[in-house]
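What the coordinates show
Here's the letter readout for the chains.
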Amino acid sequence: MKTKCLLFSSLSILILTCCGTSGSTYAENPAAGSSTAAVQEADSLPEDSQASGRESLEAPPSGSSASDTASQEHPGATDTASLPAADAAGSSPDTAADTNAASGTADGASGAADHTLPHPGQAPAPGSDQAETFTALHGALAVDGSDLVDQNGDSVRLYGMSTHGITWFPQYVNYDTFRTLRDDWNTNCVRLALYTAEYNGYSTGGSQEELKSLVKDGIDYATDLGMYVIVDWHILSDQDPNVHKEDAIGFFREISSLYKDYTNVIYEICNEPNGYATWDSVKSYAGEVIPVIRENDEDAVILVGTPMWCQNIDQAADSPLEFDNVMYTLHFYAATHTDELRSRLENAVDAGLPVFVSEFGMCDASGNGGNNFEQAEKWMELLDKYNISFICWNLANKAETSSVLKSGCEKISDWTEDELSESGLWIRERFKMF
Ligand code: IDC
């Protein structure tokens with residue numbers, strides 16, 4: 001571990017010295033992924049929803065016209081404007097991703113060096129910090145009817161931030177980042193978004209070893225801080241999780257074997273099935289991936305995405321999986337999704353479906369455009385009513401509405417209010433109400 005940290009630290013210093021970069025300059029590599037992904041996405045959508053990939057149910061409100069949304073959805077222009085420093089330095093896309101991952105791990109090394117606390121699988125020492133943490137209090141979670149319950153059978157609610165893609169923004173997979181989210185933002189859970197297909201994703205050219213190492217670091221930091229952690233297999237432009245099923249199986253087999261004794265790890269086996277992916281194809285995928293996790297960890301909580309970017313939750317309610325401790329994900333973006341998706345959620349929960357909102361934004365479904373806090377508030381009231389867990393997109397300093405840090409902010413922890421975006425200020429206040 002020490003050798004690894006040293007190696008990454010030196011790499012990081014080298015990169016910082018050569019490129020004079022950090023933070024937002026990691027942002028995008030238009031050639032490698034996201035703009036192409038957005039185009040493919042738009043191409044494969046039904047005509048009526050081509051304006052913005054993930055809106056489907058409802059058009060964006062005034063002030064966020066379809067054409068606005070379409071251009072936001074197609075991040076090519078912005079991406080080019082924020083070319084990564086690695087590109088500026090002439091590196092190939094692959095090199096850029098690798099160096100980013102390496103420097104992120106180096107950033108994380110400050111936390112890794114302190115890994116002396118017991119893991120949740122072990123009994124915390126009486127009087128230690130760990131004895132007081134959220135995971136120490138709640139232990140192994142389970143699904144009971146539509147509820148998420150703790151080790152005592154009491155209803156429990158998780159809430160926190162999702163990272164942006166960890167390939168883009170590895171620097172936030174960091175002990176101090178998560179500590180700030182726990183102590184200053186009052187959150188109890190963090191989601192690690194591991195893209196499969198975008199920007200040198202896990203299944204499209206990214207360094208699988210580097211990415212797994214980042215995921216493991218993230219789990220370790222969350223564990224040491226007594227937080228729950230969601231390992232998110234972030235399919236998106238690949239649409240159907242079966243496309244990279246073999247990679248998913250290998251990945252979840254390895255991670256669940258390493259963390260089988262931990263009680264704070266939650267597996268999200270597919271982010272957002274979309275396009276041609278049907279609930280039957282998701283069920284078939286889940287039928288192969290869940291047993292792989294269960295072989296190692298009999299009762300970890302597992303989250304399963306639903307079709308149409310996690311909006312067709314009704315299909316899961318009509319035909320749930322036959323596994324215990326599974327929850328189904330619904331995602332909303334408040335400036336796009338309103339009453340219709342809310343009533344779909346209510347119907348599903350009323351029918352007994354356990355639902356977890358593993359991703360949402362206050363802005364529109366492109367991750368950009370204006371925030372709609374009035375709609376976001378309505379969503380929060382509904383989630384409160386049903387005690388539904390919720391994770392906000394995204395922890396990064398990208399110049400897009402959904403990023404909770406201002407794009408000029410290079411700090412990875414201990415942010416002041418001045419350094420938070422409008423979204424960041426709002427959601428932090430929301431978390432602090434608990
Ligand atoms: C968006 C990011 C954006 C990135 C893009 C890649 O915010 O910076 O360029 O992905 O395609 C989702 C997805 C999530 C999206 C987000 C906003 O799960 O990956 O992130 N969104 O578009 N579903 C609905 C919205």
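No experiment lies behind these values; they were computed from the predicted model shown.

Turning our attention to the overall build of the protein chain. A tally of regular secondary structure across the protein chain gives 17 helices and 10 strands. Counting over 434 residues, the protein chain shows a buried share of 60%. Long-range pairs, those at least 24 residues apart, make up 77% of the contacts in the protein chain between residues at least 6 apart in sequence. When the accessible area of the protein chain is evaluated, it comes to approximately 15500 Å², of which 50% is carbon and sulfur surface.

This part takes up the nonpolar core. One finds F252, Y267, I269, V304, F332 and I427 to be the most contacted residues of the largest nonpolar core, which totals 94 residues. Residues contacting F252, with those up to four places away along its chain left out, are V231, W233, S257, Y267, E268, I269, Y285, V289, V292 and I293. L141, V143, C189 and F356 belong to the second largest nonpolar core, which has 14 residues in total.

Turning to helix 12 (residues 279–296), a few remarks are in order. Across its 18 residues, helix 12 extends 26 Å between first and last C-alpha, which sits within 8% of the 26 Å expected from 1.5 Å per residue. Along helix 12, the sharpest change in direction is near 25° and occurs at A286. The complete set of buried residues in helix 12 reads W279, S281, V282, Y285, A286, V289, I290, V292, I293 and R294.

The next thing to look at is the packing of helix 16 (residues 373–386) against helix 17 (residues 422–432). Look at helix 16 against helix 17: their axes get within 13 Å of each other, and the N-to-C directions meet at 25°. Here helix 17 runs roughly parallel to helix 16, going by the angle between their axes. Crossing angle aside, the handedness with which helix 16 passes helix 17 is right-handed. Contacts between helix 16 and helix 17 involve F373, A376, E377, M380 and D384 from the first element and E422, W426 and R430 from the second. A breakdown of the residues in the contact of helix 16 with helix 17 according to their chemical character gives 4 nonpolar, no polar and 4 charged.

Glancing now at the pairing of strand 6 (residues 265–268). Side chains V265 and Y267 of strand 6 all project onto a buried face; the interleaved residues I266 and E268 project onto the opposite face, where all are buried too. In this sheet, strand 6 lies alongside strand 5 (residues 228–234) in parallel orientation, the contact comprising 4 bridges. Across the sheet, V231 pairs through a bridge with Y267, a residue of strand 6. In terms of handedness, the path from strand 5 via helix 11 (residues 245–258) over to strand 6 forms a crossover that is right-handed. Where strand 6 lies against strand 7 (residues 302–305), 2 bridges are found, and the strand directions are parallel. The residue of strand 7 that forms the bridge with Y267 is I302.

With that settled, consider the sheet that holds strand 9 (residues 355–361). If you trace the 8 strands once around the closed barrel, you get 3-4-5-6-7-8-9-10, paired in parallel fashion. Adjacent strand axes in the sheet meet at a mean angle of 25° when their direction is disregarded. Helix-sheet contacts for helix 15 (residues 339–350) involve strand 8 (326–333) and strand 9, and the interaxial angle to strand 8 is about 165°. Of the strands in this sheet, strand 3 (159–165), strand 9 and strand 10 (390–395) are in contact with helix 17, which crosses strand 3 at around 150°.

The subject of this paragraph is the packing of aromatic side chains. Overall, the coordinates contain 25 aromatic pairs when judged by the stated rule. With 5.3 Å between their ring centres and 20° between their planes, W168 and Y199 make a pair best called stacked. One end of the pair, W168, is in the loop between strand 3 and helix 9 (175–183); the other, Y199, is in the loop between strand 4 (189–195) and helix 10 (208–224), with 31 residues separating them in the sequence. Both residues of the pair, W168 and Y199, belong to the buried class.

So, on to the pattern of salt bridges. A full pass over the atoms with the stated rule returns 20 salt bridges. Here D314 and R344 are joined by a salt bridge, their closest N and O atoms 4.0 Å apart. Separated by 30 residues along the polypeptide, D314 in helix 14 (residues 313–318) and R344 in helix 15 bring together distant segments of the chain. For E346, the salt bridge goes to K385, with nearest N and O atoms at 3.0 Å.

This paragraph deals with unusual backbone geometry. Cis geometry marks the peptide bond from W393 to N394, where omega comes out at 5°. Its location among the elements puts N394 in strand 10. Phi at Q239 takes a positive value of approximately 60°, unusual for a residue other than glycine. Position of Q239 among the secondary structure elements: in the loop between strand 5 and helix 11. Of note, C310 is a non-glycine position whose phi angle comes to about 65°, a positive value. Mapped onto the secondary structure, C310 falls in helix 13 (residues 307–310).

About the criteria used
Every chain begins its residue count from 1, and numbering advances along the sequence as written. It should be noted that, the model being predicted, local features are given only for residues of pLDDT at least 70 and side-chain atom pairs only at 80 or more, the latter also being counted only at that level, while totals for whole chains, interfaces and linings use all residues. To get the side-chain values, all heavy atoms of the structure are used, and hydrogens and water are removed first. Only DSSP runs of H or I reaching four residues or more are called helices, and only runs of E reaching two or more are called strands; each is numbered from the N terminus. Here's how the labels work: a residue is buried when its accessible area is under 20% of the maximum for its type, exposed when over 50%, partly exposed in between, all with a 1.4 Å probe on protein chains only. Two residues form a contact once any of their heavy atoms are found within 4.5 Å. Here, Shrake-Rupley sampling with a 1.4 Å probe gives the accessible areas, and only protein chains in the shown set may cover a residue. The definition of a nonpolar core used throughout is a set of buried Ala, Val, Leu, Ile, Met, Phe, Trp, Tyr and Cys residues joined through side-chain atoms within 4.5 Å. Any helix carries an expected span of 1.5 Å times its number of residues minus one. Note that the bend at a residue is defined as the angle between axes fitted to the seven residues ending at it and the seven residues starting at it. The axes used here are C-alpha line fits, helices contributing only the stretch in contact, and every angle between their N-to-C directions lies in the interval 0 to 180 degrees. Working rule for angles: under 35 degrees goes down as roughly parallel, over 145 as roughly antiparallel, 65 to 115 as roughly perpendicular, anything else as oblique. It is the rotation of the near helix from the far one that decides the hand of a crossing: anticlockwise by less than a right angle makes it left-handed, clockwise makes it right-handed. By the convention adopted, Pro, Cys, Tyr, Trp, Phe, Met, Ile, Leu, Val and Ala count as nonpolar, Lys, Arg, Asp and Glu as charged, and the other residues, Gly among them, as polar. Being paired, for any two strands, means DSSP has found at least two bridges between them. Orient the strands so they point away from the viewer; a crossover is then right-handed if the path from the first strand over the helix to the second runs clockwise. Any two rings among Phe, Tyr and Trp, with Trp reduced to its six-membered ring, count as a pair given centres within 6.5 Å; such a pair is stacked if its planes are under 30 degrees apart, edge-to-face if over 60, and tilted if neither. When a carboxyl oxygen of Asp or Glu is within 4 Å of a side-chain nitrogen of Lys or Arg, the pair counts as a salt bridge.

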